[in-house]
Amino acid sequence: MTTADRKPRVFSGIQPTSDSFHLGNYLGALRQWVAMQDSTDALYCVVDLHAITVDHDPKVLHERSRVSAAQLLALGLDPERCTLFVQSQVPEHAMLAWILGSETGMGEASRMTQYKDKSAKQERTTVGLFTYPILMAADILLYQTDQVPVGEDQRQHLELSRDLAGRFNTTYGRTFVVPEPYIVKETATIKDLSEPEKKMSKSSASPRGCLYLLDEPNQMRKKIKSAVTDSGGDVRYDTEAKAGVSNLLNIYAALADTTVEKLEGEYAGKGYGDFKGDLADVVAETLAPIAARTKEFLADKAELDRVLTAGAEKARGLAVRTIAKAYKKVGFFPPVTL
């Protein structure tokens, strides 16, 4: 197969920093991961190295990494059609991050907005958090990635990856593919159910604000039915005057594969009770099977770990070639294989 004939290589990762992914993760990224398996050479990673840049419990992290992988499989990632692995099982990520860190200016790193945002929320800020974007660049460049699916909040990190790839290639000779953004089908940002002016997040101020994929069906229904709307009663899309209703319309349209305009027509003259009740059913019917499949994968941990180890071995097959090339370019001795 020629370079022109092969599928573009895509890399993306997700942190295991919660007991469950939430609806925003699913609609914003994970659903697209599943769709990309057939059109790309896709590598998907549970990025546990990134997860230790904040305080953590080792046992909880280990279990959450496994649960994260089980959810990804439950969502439809197929190890026969993509490469699924846990980041820490491929040590070349950290090896390349050190090299790229030595090519990154302090000013460059300090301009990363996510570092500023996250450090402002923590009592203790680590060097790991500061260099987080450099490790992200290593994740991408390690696999000679052609395209990276990114949301608006990650574009700055992708630009750093592109800058570092170009700089290294100019200094040492062509070594890395310079990655491009992968533009996925536009999906409206899912907002917090209790505070619809904020993005849905596991750090929601209210436990009812975040809808988790592993919630029980009754929990899902209760969260939808108690979601903030407004004092009016018309189901109408207006992000300024009716932020809560607009958020629910976006969720409904995305899960039911319809449009906001059609939903506005269907619920014209009906109140929030009918609208929320129907949406609650759609949410539960869509997400409950994912939770059930996740439990099935977790029931056989040995098989799940086997799948992840096989994925890591496949990923390392690519990673070691890049590291060997990068080591030689900077003047290192080749890594010793045990």
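Cut-off values and rules
Residues numbered from 1 in each chain as written. Predicted model: local features only at pLDDT ≥ 70, side-chain atom pairs only at ≥ 80, totals over all residues. Heavy atoms only, no water. UniProt positions renumbered as here; feature names shortened; annotations may be inferred. Domains from an automatic or database assignment. Contact = heavy atoms within 4.5 Å. Buried area = accessible area lost by both parts, 1.4 Å probe. Core = buried A, V, L, I, M, F, W, Y, C linked by side-chain atoms within 4.5 Å. Buried < 20%, exposed > 50% of the residue type's maximum accessible area, 1.4 Å probe, protein only. Helix = DSSP H or I, 4+ residues; strand = E, 2+ residues; numbered from the N terminus. Polar contact = N/O pair within 3.5 Å; in protein donor to acceptor, adjacent residues only side chain to side chain. Phe/Tyr/Trp six-rings, centres within 6.5 Å; stacked < 30°, edge-to-face > 60°. Axes fitted to C-alpha atoms, helices over the stretch in contact; angles between N-to-C directions. Parallel < 35°, antiparallel > 145°, perpendicular 65-115°, else oblique. Left-handed = near helix turned anticlockwise from the far one by under 90°. Nonpolar A, V, L, I, M, F, W, Y, C, P; charged D, E, K, R; others polar. Salt bridge = Lys/Arg side-chain N within 4 Å of Asp/Glu carboxyl O.

In the annotation of an unreviewed UniProt entry, the protein chain is listed under the name Tryptophan--tRNA ligase and assigned to Glycomyces paridis. Per UniProt, the protein chain carries the Sequence similarities (unreviewed entry) text "Belongs to the class-I aminoacyl-tRNA synthetase family." You can read under Catalytic activity (unreviewed entry) in the UniProt record for the protein chain the words "tRNA(Trp) + L-tryptophan + ATP = L-tryptophyl-tRNA(Trp) + AMP + diphosphate + H(+)".

**Notes on the domain arrangement of the protein chain**
Per the domain assignment, the segments of the protein chain are domain 1 (9-187 + 300-330) and domain 2 (217-296). Each of domain 1 and domain 2 was reduced to a C-alpha centroid, and the two centroids are 32 Å apart. At the junction of the two partners, domain 1 supplies 11 residues and domain 2 supplies 10 residues. Summed over both sides, the interface of domain 1 with domain 2 buries roughly 780 Å², with 69% coming from carbon and sulfur.

**Comments concerning the nonpolar core**
Soluble globular proteins tend to bury their nonpolar side chains together. Leu23, Tyr26, Leu72, Leu211, Ile251, Val283 and Leu287 are the most contacted members of the largest nonpolar core, which has 55 residues in total. Built from parts of two domains, this core gets at least three residues from each of domain 1 (9-187 + 300-330) and domain 2 (217-296). The contact partners of Tyr26, leaving out residues within four places of it in the chain, are Arg31, Gln32, Leu75, Leu213, Leu255, Thr286, Leu287 and Ile290. Within the second largest apolar cluster, 36 residues are counted, among which are Ala137, Leu142, Ala315 and Ala319.

**Thoughts on the side chain of Thr294**
Along the polypeptide, Thr294 turns up in helix H13 (residues 272-299). Residue contacts for Thr294: discarding those within four places in its chain leaves Val67, Ala70, Gln71, Ala74 and Leu214.

**Examining the UniProt feature "binding site: L-tryptophan" (unreviewed entry) in the protein chain**
The positions that UniProt labels "binding site: L-tryptophan" (unreviewed entry) are, in the present scheme, Asp139. Relative to the assigned elements, Asp139 resides in helix H8 (residues 132-141). Among the residues examined, Asp139 registers a relative accessible area of 2% and is labelled buried. Non-local contacts of Asp139, meaning those with residues more than four positions away in its chain, are made with Phe11, Val47, His50, Gln87 and His93. In terms of polar contacts, Asp139 uses its side chain to reach the side chain of His93, at 2.7 Å.

**Let's talk about the packing of aromatic side chains**
Enumeration over the complete set of coordinates arrives at nine aromatic pairs. Between Phe85 and Tyr143, the ring centres sit 5.9 Å apart and the planes meet at 65°, which makes this aromatic pair edge-to-face. With Phe85 in strand S3 (residues 83-86) and Tyr143 in the loop between H8 and strand S4 (147-149), this pair connects stretches of sequence that are 58 residues apart. A residue is classified by how much of its surface remains accessible, and Phe85, at 0% relative accessible area, is buried.

**Brief notes about the packing of helix H4 (residues 92-101) against H8**
Packed helix pairs are specified by the crossing angle of their axes together with the interaxial distance, meaning the distance between the axes. Their axes nearest at 8 Å, the elements H4 and H8 cross at an angle of 120°. Taken as axis vectors, H4 and H8 run oblique relative to one another. Along this stretch, H4 crosses H8, giving a crossing that reads as right-handed. Together, His93, Leu96, Ala97, Leu100 and Gly101 of H4 and Ile134, Leu135, Ala137, Ala138, Asp139 and Leu141 of H8 make up the contact between the two elements. Across the contact of H4 with H8, the residue classes break down as eight nonpolar, two polar and one charged.

**A few points about unusual backbone geometry**
Look at Gln144: it is not a glycine, yet its phi comes out positive at around 50°. Along the chain, Gln144 turns up in the loop between H8 and S4. A relative accessible area of 16% places Gln144 in the buried class. Of note, Asp257 is a non-glycine position whose phi angle comes to about 55°, a positive value. Locating Asp257 in the fold gives a position in the loop between helix H11 (243-256) and helix H12 (260-266).

**Some words on the pattern of salt bridges**
One pass over the full model with this rule turns up 20 salt bridges. Residues Lys242 and Asp230 are paired through a salt bridge, measuring 3.1 Å at the closest nitrogen-oxygen approach. Of this pair, Lys242 sits in the loop between helix H10 (217-225) and H11 while Asp230 sits in the loop between H10 and H11, and the two are 12 residues apart along the sequence. Lys242 sits in the buried class, given a relative accessible area of 4%. Overall, the relative accessible area of 25% leaves Asp230 in the partly exposed class. Here the salt bridges share partners, and the residues they tie into one network are Asp230, Asp234, Arg236, Asp238 and Lys242.

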